[in-house]
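Here's the letter readout for the chains.
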Amino acid sequence: MALGGNAITAEGEAGTYEQQRGHAADMARSVCELLDDGWRVAVVHGNGPQVGSLAIQQEAGGGEVPPMPLFVLDAMTQGQMGSLIELELHNLVGRGHPVAAVVTHVAVSLDDPAFSHPSKPIGPFFTEREAAWHARARGWQVAADVGRGHRRVVASPRPLELLEIEAVRRLLDAGHVVIAAGGGGIPVARRGDRWEGVDAVIDKDFAAAELAVRLDAEALLLVTAVDAVMVDFGSASQRRLGRIDVEEVERHLAAGQFPEGSMGPKVSAAAGFVRAGGKVSVVTTADLAAATLRGLEDVTTPLGTRIVARRQGEGAA
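Predicted model, so just to flag it, every value in this text is computed and none were measured.

So, the layout of surface pockets
Empty space among the atoms can be located by rolling a probe the size of a water molecule over them.
And step 1. In this structure, the second largest pocket spans a volume of roughly 460 Å³.
And step 2. Lining of the second largest pocket is provided by 21 residues; of these, Arg40, Ala42, Ala217, Glu218 and Ala219 occupy positions nearest its centre.
And step 3. Elements that contribute at least two residues to the lining of the second largest pocket include exactly strand 2 (42-45), helix 6 (165-173), helix 7 (204-214) and strand 12 (219-223).
And step 4. Looking at the lining of the second largest pocket, its residues break down into 16 nonpolar, no polar and five charged.

Details of the environment of Ala207
And step 1. When you line up the elements, Ala207 lands in helix 7.
And step 2. Looking at Ala207, the relative accessible area reads 1%, which means it is buried.
And step 3. Once you skip the residues sitting within four places of it in the chain, Ala207 turns out to touch Pro159, Ala181, Gly184 and Ile202.

Focus on the packing of helix 8 (residues 246-254) against helix 9 (residues 264-275)
And step 1. Running from N to C, helix 8 and helix 9 point in directions that differ by 145 degrees, and their axes come no closer than 10 Å. Crossing geometry of helix 8 relative to helix 9 is assigned as left-handed. In this structure, helix 8 contributes Val246, Glu247, Val249, Glu250 and Leu253 to the contact, and helix 9 contributes Gly264, Val267, Ser268, Ala271, Val274 and Arg275.
And step 2. Here the contact of helix 8 with helix 9 is composed, by residue class, of six nonpolar, two polar and three charged.

With respect to the pairing of strand 2
And step 1. The side-chain alternation of strand 2 yields two buried faces, one formed by Ala42 and Val44 and the other by Val43 and His45.
And step 2. Inspection of the sheet shows strand 1 (residues 2-3) paired to strand 2 by two bridges, in the parallel sense. When the sheet's bridge partners are listed, Leu3 is paired in strand 2 with His45.
And step 3. Direction of pairing for strand 2 relative to strand 9 (residues 177-179): parallel, over a ladder of two bridges. Note on strand 9: the bridge partner recorded for Ala42 is Val178.

Looking at the sheet that holds strand 10 (residues 186-191)
And step 1. Strand order across the open sheet formed by four strands is 8-4-10-11, with mixed pairing between neighbours. Here the strands that pair on one side only, and so sit at the sheet edges, are strand 8 (161-162) and strand 11 (194-197).
And step 2. Where strand 10 lies against strand 11, four bridges are found, and the strand directions are antiparallel. The residue of strand 11 that forms the bridge with Arg190 is Trp195.
And step 3. Contacting strand 10 and strand 11, helix 4 (residues 70-93) crosses the sheet at an angle of about 140 degrees to strand 10.

Some remarks on unusual backbone geometry
And step 1. Even without being a glycine, Ala181 presents a positive backbone phi close to 55 degrees.
And step 2. The residue Ala181 is located in the loop between strand 9 and strand 10 in this model.
And step 3. One non-glycine residue with positive phi stands out, namely Asp232, at about 55 degrees.
And step 4. Mapped onto the fold, Asp232 is located in the loop between strand 13 (230-231) and strand 14 (239-240).
And step 5. Residue class for Asp232 comes out partly exposed when judged on its relative accessible area of 29%.

Considering the sheet that holds strand 6 (residues 142-144)
And step 1. Read from one edge to the other, the open sheet built from three strands follows the order 5-7-6, with strand pairing classed as antiparallel. Looking along the sheet, the strands with just one partner apiece sit at the ends: strand 5 (120-126) and strand 6. Strand-to-strand twist in this sheet, taken as the mean axis angle between neighbours without regard to direction, amounts to 40 degrees.
And step 2. Pairing of strand 6 with strand 7 (residues 150-154) involves three bridges; the strand directions are antiparallel. In the strand pairing of strand 7, Ala144 is matched with His150.
And step 3. Where helix 3 (residues 48-60) meets the sheet, its contacts fall on strand 5 and strand 7, and the angle it forms with strand 5 comes to roughly 65 degrees.
And step 4. Lying on the sheet, helix 5 (residues 128-138) is in contact with strand 5, strand 6 and strand 7; it crosses strand 5 at an angle near 120 degrees.

A word on the confidence of the model for the chain
And step 1. On average, the chain scores 91 in pLDDT, and the residues at 70 or more come to 95%.
And step 2. Low pLDDT, under 50, characterises residues 313-317; the stretch is placed with 16 contacts to residues that sit more than four places away or in other chains.

Rules of the game
Residues numbered from 1 in each chain as written. Predicted model: local features only at pLDDT ≥ 70, side-chain atom pairs only at ≥ 80, totals over all residues. Heavy atoms only, no water. 1 Å grid on protein atoms, 1.4 Å probe; cavity = no way out; pocket = protein on both sides within 12 Å on 5 of 7 lines; lining within 4 Å. Points joined across faces, edges and corners; volume = space filled by probe spheres on them. Helix = DSSP H or I, 4+ residues; strand = E, 2+ residues; numbered from the N terminus. Nonpolar A, V, L, I, M, F, W, Y, C, P; charged D, E, K, R; others polar. Buried < 20%, exposed > 50% of the residue type's maximum accessible area, 1.4 Å probe, protein only. Contact = heavy atoms within 4.5 Å. Axes fitted to C-alpha atoms, helices over the stretch in contact; angles between N-to-C directions. Left-handed = near helix turned anticlockwise from the far one by under 90°. Pairing = 2+ DSSP bridges. pLDDT = per-residue confidence, 0-100.

Here it is as structure tokens:
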């Protein structure tokens, strides 16, 4: 189950601890529903807003203490948010389900083209004028974020390997709820015979899909701020995708329906998981996650997006 960093620090909020704690509690309740349904659960969270805000704090305090590299900020936010989510899970399910957050390093390739084309938005939203100032004063690369303003963008290479995968597997087998690959994982790469940190932010949806494949998971849940994936978004022909097969989703991807800085990585990760043998991928809000995974459609309450392969009668809605 992948939780978006934007779901923990909502758009328009200051991102105080209490605000983040409230959203983490909502996420924890969604995990509880899955546990009640009999699932074993691994949780991955994003860190886009949090790592970007921490980078601003680092630069602002640079005259007092040395700022840390971006991959260290990934580690810091992994610990910060892992603790936040773990505490809320302990409060709700700790008596029946042990919970563990695992510091997770994720291998990437130094040859990944993402290092030449930064696209991952992090941190708060800026006006065009503010973004231009940050670009000049701090050397940031900035880009428009789907009509919501401008944000800093950084390299986001694809995850190749999770160094702590066996620890995660053993904890799940022992009955733990596991929080892993937080913020997409701490990016590392081989330099000679050593693992070293790499300045990037891995997309948490791709990291969650990689984790799910390596765990032979049945389902991948990508929790976001909207009920379902939309096609023709913002137009008169806008429509939501309910139950849909992976081939149709891939046609929409190829047609450019899903922006790279928004729904694109989610849909791509969801389709990739099903293509790799996963049973179902779900994209929806925390409130609808468990119900959408069950797949029991209620005409009064439409569910989220449920992506499957063409098998056993399931197919396009």
